[in-house]
Amino acid sequence: AGFLEQEQHFSEKITSKESIDDLKKRVHLITETYEKLLTGIGTAKNVLANDEVNRDKLKSKLVEIDDLRKKAIKWKLLDEYIGDANGNNFSNFAQSLTLNNLIGLANQRLKHLSDRYLLSKLNSDFDSLRVVDLYQGDAERSVDTLSGGETFTLSLAMALALSDMASQNVRLDSLFIDEGFGTLDGESLEAAIATLERLQHDSKKTIGIISHRQELIDRVSTQIRVEKGNDGKSKVLINGI
């Protein structure tokens, strides 16, 4: 009687009209689906974990890229100012630095040669050389406006500055000048001679002057003269030694 009661109880609980075989098939399909879902969940978790790792790597790479961009700024600037296929920009850039350095050294020399002028540094590669006139409220002037004597003084300062640059690696105890005297008037020539005498006294350098001007010949005691003979041959005479 108890068995019959239990069977009746379970029969009352079954509400599906499907057969037991069909129900078993449905259970089997649901179980497979469940297992596939579990597998999918596991796969999704792995994907999320890998994504988290990749995100951390990406953050590190972004920091590295930002650092490289900052470092690249100076190279971009160098490329902008001096980079070209033929190297002309770099050559011009290096020459401008050298010229500005030369102007600075020339101004140091000018302080002892003239109390009126200083050379002006270039603001661009296309600037012409200019001077600052200290007698005219530091007004800038073109070197073309200078007199012969003033031009000679500036040229001498530039020549001495070149000597200073060269003597950084090699000692130079002598200076030879072979230009400019022929174009000077009497007053300018006298100023040039006085400048050279003061330079020779202050720097202790041996200064050689190559010129045909009689005024210079009369002022310089030690001379190496080249005279042409009647036979077409020249001879060297040394005076004052």
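Source: prediction; values computed, not measured. (Residues numbered from 1 in each chain as written. Predicted model: local features only at pLDDT ≥ 70, side-chain atom pairs only at ≥ 80, totals over all residues. Heavy atoms only, no water.)

**A closer look at the sheet that holds strand S1 (residues 117–120)**
Within a sheet, each strand pairs with its neighbour through backbone hydrogen bonds, oriented either parallel or antiparallel. Spatially, three strands are ordered S1-S2-S3 in an open sheet, and the strand pairing comes out antiparallel. Looking along the sheet, the strands with just one partner apiece sit at the ends: S1 and strand S3 (139–142). Strand-to-strand, the axes of this sheet are offset by a mean angle of 40°, without reference to chain direction. Pairing analysis gives four bridges linking strand S2 (residues 130–133) to S3, with the strands arranged antiparallel. Residue pairing for S3: Val131 is matched across the bridge by Arg141. (Pairing = 2+ DSSP bridges. Helix = DSSP H or I, 4+ residues; strand = E, 2+ residues; numbered from the N terminus. Axes fitted to C-alpha atoms, helices over the stretch in contact; angles between N-to-C directions.)

**Describing the nonpolar core**
The biggest cluster of nonpolar side chains holds 28 residues, and the ones touching the most others in it are Leu119, Phe152, Leu154, Leu156, Phe181 and Leu196. Of all the secondary structure elements, the ones that give two or more residues to this core are helix H3 (88–113), S1, helix H4 (148–166), strand S4 (174–177) and helix H5 (186–203). The element best represented in this core is H4, accounting for seven residues. Here Leu154 is in contact with Leu110, Tyr117, Leu119, Val131, Val143 and Leu146, once residues within four sequence places are set aside. (Core = buried A, V, L, I, M, F, W, Y, C linked by side-chain atoms within 4.5 Å. Buried < 20%, exposed > 50% of the residue type's maximum accessible area, 1.4 Å probe, protein only. Contact = heavy atoms within 4.5 Å.)

**A short note on the side chain of Thr153**
The residue Thr153 is located in helix H4 in this model. On the basis of relative accessibility, which here comes to 10%, the residue Thr153 falls in the buried class. Setting aside chain neighbours within four positions, we find Thr153 in contact with Leu110, Leu113, Ser114 and Thr195.

**Here's the deal with the pattern of salt bridges**
By the definition in use, this model includes nine salt bridges. Across the pair Asp133 and Arg141 runs a salt bridge, and its minimum N-O distance is 2.8 Å. Notably, a salt bridge pairs Arg225 with Glu227, separated by 3.6 Å at the nearest N-O pair. The class for Arg225 is partly exposed, based on a relative accessible area of 29%. In this structure, a network of salt bridges that share partners links the residues Arg116, Asp133, Arg141 and Glu150. (Salt bridge = Lys/Arg side-chain N within 4 Å of Asp/Glu carboxyl O.)

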